[in-house]
Amino acid sequence: MIRRPPRSTPSNSSAASDVYKRQTHALTAIVSGVAVGLGTYFTVPAKEVTRTVTETAPAKTITKTVTAPAETVTQTLTSTITALGAEKPGKGLRFRCINHGMARAFFISIKKGWEEACETLGVEQETIWCGTDTALQVARIKEAIAEGVDGLCVSIPTPEPFRPVIKEAWEKGIPVITHNIDDPLGREGCPRLAFVGQDFKSTGYELGRRMIEKFGIGKGWHVLLAAEFATYTYAQERGPQGVGRALDEVGATWELLDTTADWSICEERITSYLLGHPETKAMIGLGEIPTGTMGKVAEKLGYEPGEIPIGGFDTGPVVLEYVEKGYVIVVTANLPGIEKKLISLD
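All of these numbers come straight from a predicted model, not from anything done at the bench.

Here the focus is the pattern of salt bridges. According to the stated counting rule, one finds 18 salt bridges in the structure shown. Ionic pairing is found between D182 and R192, a salt bridge with its closest N-O pair at 2.6 Å. Taken as a pair, D182 in the loop between β7 (176-180) and β8 (194-197) and R192 in the loop between β7 and β8 lie far apart in primary sequence, 10 residues in all. Considered together, D182 and R192 belong to a single accessibility category, that of buried residues. One connected set of salt bridges, linked through shared partners, spans R96, E126 and E147.

End to end, helix α7 (residues 233-249) covers 22 Å across 17 residues, agreeing with the expected 24 Å (1.5 Å per residue, within 8%). The sharpest bend along α7 comes to roughly 30°, located at V243. Regarding α7, the residues found buried are T233, Y234, A235, E237, R238, G239, G242, V243, G244, A246 and L247. Taken together, the buried residues of α7 touch α6 (200-215), β9 (222-227), β10 (253-258) and β11 (280-285).

The biggest cluster of nonpolar side chains holds 24 residues, and the ones touching the most others in it are I217, Y234, V243, L247 and I284. The set of elements that each furnish at least two residues to this core consists of α6, β9, α7, β11 and β13 (328-331). Tallying contributions element by element places α7 first for this core, with 5 residues. If we ignore the near neighbours within four places in the chain, the residues touching Y234 are I181, F200, A227, E228, F229, G239 and L286. Membership of the second largest hydrophobic core comes to 20 residues, among which are I270, Y273, I289 and I308.

The pLDDT averaged across the chain works out to 78; a share of 71% of its residues lies at or above 70. Taken as a whole, residues 35-81 scores under 50 in pLDDT and shows 130 contacts with residues more than four places along the chain or in a different chain. Ignoring residues within four places in sequence, the model shows residues 334-346, a span with pLDDT below 50, making 48 contacts including any to other chains.

This brings us to unusual backbone geometry. With the exception of glycine, the majority of residues adopt a negative phi angle, and the majority of peptide bonds are in the trans configuration. With a phi angle near 70°, N180 is a residue other than glycine that sits in the positive phi range. You can see N180 is positioned in strand β7. Even without a glycine there, the phi angle at T260 is positive, about 70°. Along the chain, T260 falls in the loop between β10 and α8 (263-276).

Between α8 and helix α9 (residues 288-300), the least distance of the axes is 9 Å, while the angle of their chain directions is 55°. Taken together, the axes of α8 and α9 are oblique relative to one another. Between α8 and α9 lies a crossing of right-handed hand. Contact residues: α8 offers W263, C266, E267, I270, T271 and L274, while α9 offers E288, I289, P290, T293, M294, K296, V297 and K300. Its residues placed into classes, the contact of α8 with α9 shows 8 nonpolar, 2 polar and 4 charged.

Conventions used here
- Residues numbered from 1 in each chain as written.
- Predicted model: local features only at pLDDT ≥ 70, side-chain atom pairs only at ≥ 80, totals over all residues.
- Heavy atoms only, no water.
- Salt bridge = Lys/Arg side-chain N within 4 Å of Asp/Glu carboxyl O.
- Helix = DSSP H or I, 4+ residues; strand = E, 2+ residues; numbered from the N terminus.
- Buried < 20%, exposed > 50% of the residue type's maximum accessible area, 1.4 Å probe, protein only.
- Expected span 1.5 Å × (residues − 1).
- Bend = angle between axes of the 7 residues up to and from the residue.
- Contact = heavy atoms within 4.5 Å.
- Core = buried A, V, L, I, M, F, W, Y, C linked by side-chain atoms within 4.5 Å.
- pLDDT = per-residue confidence, 0-100.
- Axes fitted to C-alpha atoms, helices over the stretch in contact; angles between N-to-C directions.
- Parallel < 35°, antiparallel > 145°, perpendicular 65-115°, else oblique.
- Left-handed = near helix turned anticlockwise from the far one by under 90°.
- Nonpolar A, V, L, I, M, F, W, Y, C, P; charged D, E, K, R; others polar.

Written out as structure tokens, the structure is:
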């Protein structure tokens, strides 16, 4: 989903300049690339692919959905460049993408979309992954502001540390877009031009409803929810405020487990939980690592495919492996380049 606020500029005089306008137009155009890189989040039958394409012009912004997969971000941006009226409308601008990413398929796809979009628009770019080190990520954003970059693309794992620094960028005339995880308060929390990512609450609720309808989850069921970082915004909104709300409505019980982003620790924790809570009848992963690990643990513990229903968010090689084996039944995300392998049994 792409949420875009009404057009406005910071209060300082430089923000109204032609340079600022060019920064804003080019950075908003990059939204297209991040959207394609991030992938469109959905729950669909196999082989059905939905792309979000954003066309940006100085006077208007148009968002439309198409069902034909784009091979590259370059294709997606063709109409954007035409609308902006220049072959390389971002030439001379420097943008920086600073997020909580790490060397995983999910973040690699975001990086690919960002880099292709910047190259197509002629923007000089840099991507910085900070992993789980929030202090480092905030420090890198401050460095970018001090260096005078022309635009920022950031993720906001937890809102409080980022609000002052995003506000600082905004006040200094540096346009910001957020991706993957937004401030829960949106633009009211962090003044940004746009957010590219998933509506965690509604998608979590929808996933919960799908699991309930497909497997008859209700009173007497206990469901394990697991996230790499249980306190992060994505986990709280997908979990307690999304899936958890759906489970509460039908009288099922649930518990949220923090697994960390370490595959081996995640496996240990999910295994220990299942062994210590034999009443668990279903599992839902709130991110790629717990979703894939749930399938792996179920197989190792001797469950037959589908015996303990598993659903989850985000796809990657391990998740797809256990989708194909029949352990992971419903997933709500895809990644470019592997959409032909995306299976969501319904």
